[in-house]
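The lines below spell out each chain.
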Amino acid sequence: MRNLFPVAVAVAAILASGPAGSTDAPSNAYCYIGWPSDGAVLPAGKPFRVWFGLRNMGIAPKGVAFKNTGHHHLLIDADPPAAGQQIPSDRNHLHFGAGETETMLELPPGKHTLQLVMGDENHMVHTPPVVSRKITVTVR
Amino acid sequence: MRFPLVFPLLLAASLHAGTAAAATPTPAPENAQVYFIWPHDGTVINGGKFWVRMGLRNMGVAPKGTAMTHTGHHHLLIDTDLPPMTEPIPNDRNHLHFGAGETEARIELPPGTHTLQLLLGDKDHIPHAPPIMSKKITVTVR
């Protein structure tokens, strides 16, 4: 059954492509917060720089369809949506749709979590999701 | 299926480049800054393989062919001086292009002293006005 093989491959490819509408990301893509470090204690009332790291993948602004790219979203005290889900845009989900790779942030005193998640041109989480480790910082 | 969409965009960009790009440089914010996060000036690298981390401030990264205000993509100049600022940045062993929007690159250099400098290019690989370039740093491989 020689000509069944391509069909099987095609079906397998569709099944493997994940949730409908989600963009594929390289399996070795690596997203991380370069600064601040996990556990950092930061002075209150003073903005600090957050630096976004991305490896084995590129940056493209929102609305730009380019293979193996996405743009950064910084989650503050929030969990990332699942693959194929749209990332909300609010005070806890900051979008960097102009291709920014760092930002200045000021947070109220207390403990906060920070996490990066890549979104595709429509702010959807990739398959597999490209997320950083969630870090905790203390502002005081 | 994003290839069919990308191709016309690139085609349109290259057609546009032929007509107007040389005459009107892409403006960049006055406070834009490109810099090396790593390595630092004077870093000694054992073995010669290292990640270059490219930093950009007050501006965004976009792949080649993308016309979006206040964006560009990184070019790493190795052991070379700045190219002409009104032409596309050369594409060779001394001028590495990161047209897929990369912000980090794995580099391998032979033993010795090497200079590294970052230069941002617009959608057609032409430096902005004003040109956004880093300090030229020196690293030693041994």
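Residues numbered from 1 in each chain as written. Chains lettered and ligands numbered in written order. Predicted model: local features only at pLDDT ≥ 70, side-chain atom pairs only at ≥ 80, totals over all residues.

(A) Representation of the sheet that holds strand β7 (residues 104-108) of chain B within the structure. Residue and element names in this part refer to chain B. Strand order in the open sheet formed by three strands is β1-β3-β7, and the pairing between neighbours is antiparallel. A single partner strand is all that each edge strand has here, and the edge strands are β1 (33-38) and β7. Going from strand to strand, the sheet's axes swing by 35° on average, the running direction of each strand aside. Taken together, the five bridges between strand β3 (residues 49-57) and β7 define a ladder with antiparallel strand orientation. Its bridge partner being in β7, Val-52 is matched across the sheet by Ala-105. (Pairing = 2+ DSSP bridges. Helix = DSSP H or I, 4+ residues; strand = E, 2+ residues; numbered from the N terminus. Axes fitted to C-alpha atoms, helices over the stretch in contact; angles between N-to-C directions.)

(B) A look at the environment of B:Leu119. All names here are of chain B. Mapped onto the secondary structure, Leu-119 falls in strand β8 (residues 112-121). Look at Leu-119 and you get buried, because 22 C-beta atoms sit within 10 Å. If sequence neighbours within four positions are ignored, Leu-119 has contacts with His-75, Leu-77, Leu-82, Ile-89, Pro-127, Pro-131 and Met-133. (Buried ≥ 20, exposed ≤ 12 C-beta atoms within 10 Å, placed from the backbone. Contact = placed C-beta atoms within 7 Å.)

(C) Structural detail: the nonpolar core. In this structure, A:Cys31, A:Leu116, A:Val117, A:Val130 and B:Leu118 are the most contacted members of the largest nonpolar core, which totals 41 residues. Secondary-structure elements contributing two or more residues to this core are β1 (30-35), β3 (48-55), β5 (69-76) and β8 (110-119) of chain A together with β1, β3, β5 (71-78) and β8 of chain B. Residues within four places of A:Val130 in sequence aside, it is in contact with A:Ala25, A:Ala29, A:Cys31, A:Met57, A:Gly70 and A:Met118. (Core = buried A, V, L, I, M, F, W, Y, C linked by C-beta atoms within 7 Å.)

(D) Representation of the interface of chain B and chain A. With 20 residues of chain B in contact, the opposing surface of chain A contributes 18 residues. Residue assignment for the side of chain B that touches chain A shows that the elements contributing at least two residues are α1 (3-21), β3 and β4 (60-61) of chain B. Among the residues forming the side of chain B that touches chain A, the class breakdown is nine nonpolar, seven polar and four charged. (Nonpolar A, V, L, I, M, F, W, Y, C, P; charged D, E, K, R; others polar.)

(E) Structural context of the pairing of β5(B). All names here are of chain B. Of all eight residues making up β5, seven are buried, and the element is well covered by its neighbours. With two bridges joining them, β4 and β5 adopt parallel strand pairing. Its bridge partner being in β5, Gly-60 is matched across the sheet by Thr-71. Of the pairings in the sheet, the one linking β5 to β8 comprises six bridges and is antiparallel in character. Across the sheet, Leu-77 pairs through a bridge with Gln-117, a residue of β8.

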